[in-house]
Amino acid sequence: MTKINGTNTPLTTEEASRFESGVIETVWSETGEPHYIIKDSLDVKEYAALAKKSLESERIIAHDFTSYVINGSGERADFEYKSGWFLEGLAEQEME
């Protein structure tokens, strides 16, 4: 199991398209965390990085979590999603 951390570059249109075309299914946990099943021939490490970038660019989930990408052969790569919501509020001094 490989762990993917830290993406600092925004998701490009090409990356978004490649990610969407490689995902077979998105499975949502009871706590609202997505896990991705991708086509067997694809690199799980690459798709874990793309999943992280995609989620962080959408910014629709407000809590941090660890998720994963898995293929039909059982290869899996984990990634850490950081919402940034709490930190943004502190940076903009919105919270007292």
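In short, a report on the structure.

1. Things to note about the pairing of strand S5 (residues 76-81)
Examined bridge by bridge, strand S4 (residues 65-71) and S5 share 6 bridges and lie antiparallel to one another. Bridge pairing links Ile 70 to Arg 76 in S5. Following S4, the chain reverses through 4 residues before pairing antiparallel with S5; Gly 74 in that reversal takes a positive phi of roughly 90 degrees.

2. Considering the environment of Ala 77
Within the element layout of this structure, Ala 77 appears in strand S5. A relative accessible area of 0% places Ala 77 in the buried class. Along the backbone, Ala 77 and Tyr 47 are 30 residues apart, and their C-alpha atoms lie at a distance of 8.3 Å.

3. What about the side chain of Glu 56?
Structurally, Glu 56 can be placed in helix H2 (residues 44-58). A polar atom in the side chain of Glu 56 sits 2.6 Å from the side chain of Lys 52.

4. A closer look at helix H1 (residues 13-22)
If you check which residues of H1 are buried, you get Glu 15, Ala 16, Phe 19 and Gly 22. Looking down the long axis of H1, one finds its buried residues gathered within 140 degrees of arc, a one-sided arrangement. Opposite the buried face of H1, at more than 90 degrees from it, the exposed residues are Thr 13, Glu 14 and Glu 20. The inward-facing, buried residues of H1 contact strand S2 (23-28), strand S3 (34-38) and H2.

5. Details of the nonpolar core
Judged by nonpolar contacts, the single largest core of 16 residues is most densely connected at Phe 19, Tyr 36, Leu 55, Val 69 and Phe 79. For this core, the secondary-structure elements that each account for two or more residues are S3, H2, S4 and S5. If you tally residues by element for this core, the top one is H2, at 6 residues. Not counting residues up to four positions away in its chain, the partners in contact with Phe 19 are Tyr 36, Tyr 47, Leu 50, Ala 51 and Ser 54.

6. Section: H2
Here H2 spans 21 Å end to end across 15 residues, near enough to the 21 Å set by a 1.5 Å rise per residue. Of the residues making up H2, those classed as buried are Val 44, Tyr 47, Ala 48, Leu 50, Ala 51, Lys 52, Lys 53, Ser 54, Leu 55 and Glu 56. Two or three places before Lys 45, at the start of H2, stands the capping residue Asp 43, its side-chain oxygen 3.0 Å from that residue's backbone nitrogen.

7. Comments concerning the side chain of Glu 33
With respect to the element layout, Glu 33 can be found in the loop between S2 and S3. No salt bridge is formed by the buried Glu 33, whose closest oppositely charged neighbour, Arg 76, lies at an N-O distance of 9.6 Å. In terms of polar contacts, Glu 33 uses its side chain to reach the side chain of Thr 31, at 3.5 Å. Excluding residues within four positions of it along the chain, Glu 33 makes contact with Val 27, Trp 28, His 63, Phe 65 and Thr 66.

The rules behind these values
- Residues numbered from 1 in each chain as written.
- Predicted model: local features only at pLDDT ≥ 70, side-chain atom pairs only at ≥ 80, totals over all residues.
- Heavy atoms only, no water.
- Pairing = 2+ DSSP bridges.
- Helix = DSSP H or I, 4+ residues; strand = E, 2+ residues; numbered from the N terminus.
- Buried < 20%, exposed > 50% of the residue type's maximum accessible area, 1.4 Å probe, protein only.
- Polar contact = N/O pair within 3.5 Å; in protein donor to acceptor, adjacent residues only side chain to side chain.
- Arc of directions from axis to C-beta.
- Contact = heavy atoms within 4.5 Å.
- Core = buried A, V, L, I, M, F, W, Y, C linked by side-chain atoms within 4.5 Å.
- Expected span 1.5 Å × (residues − 1).
- Lys, Arg positive; Asp, Glu negative; His and termini not counted.
- Salt bridge = Lys/Arg side-chain N within 4 Å of Asp/Glu carboxyl O.

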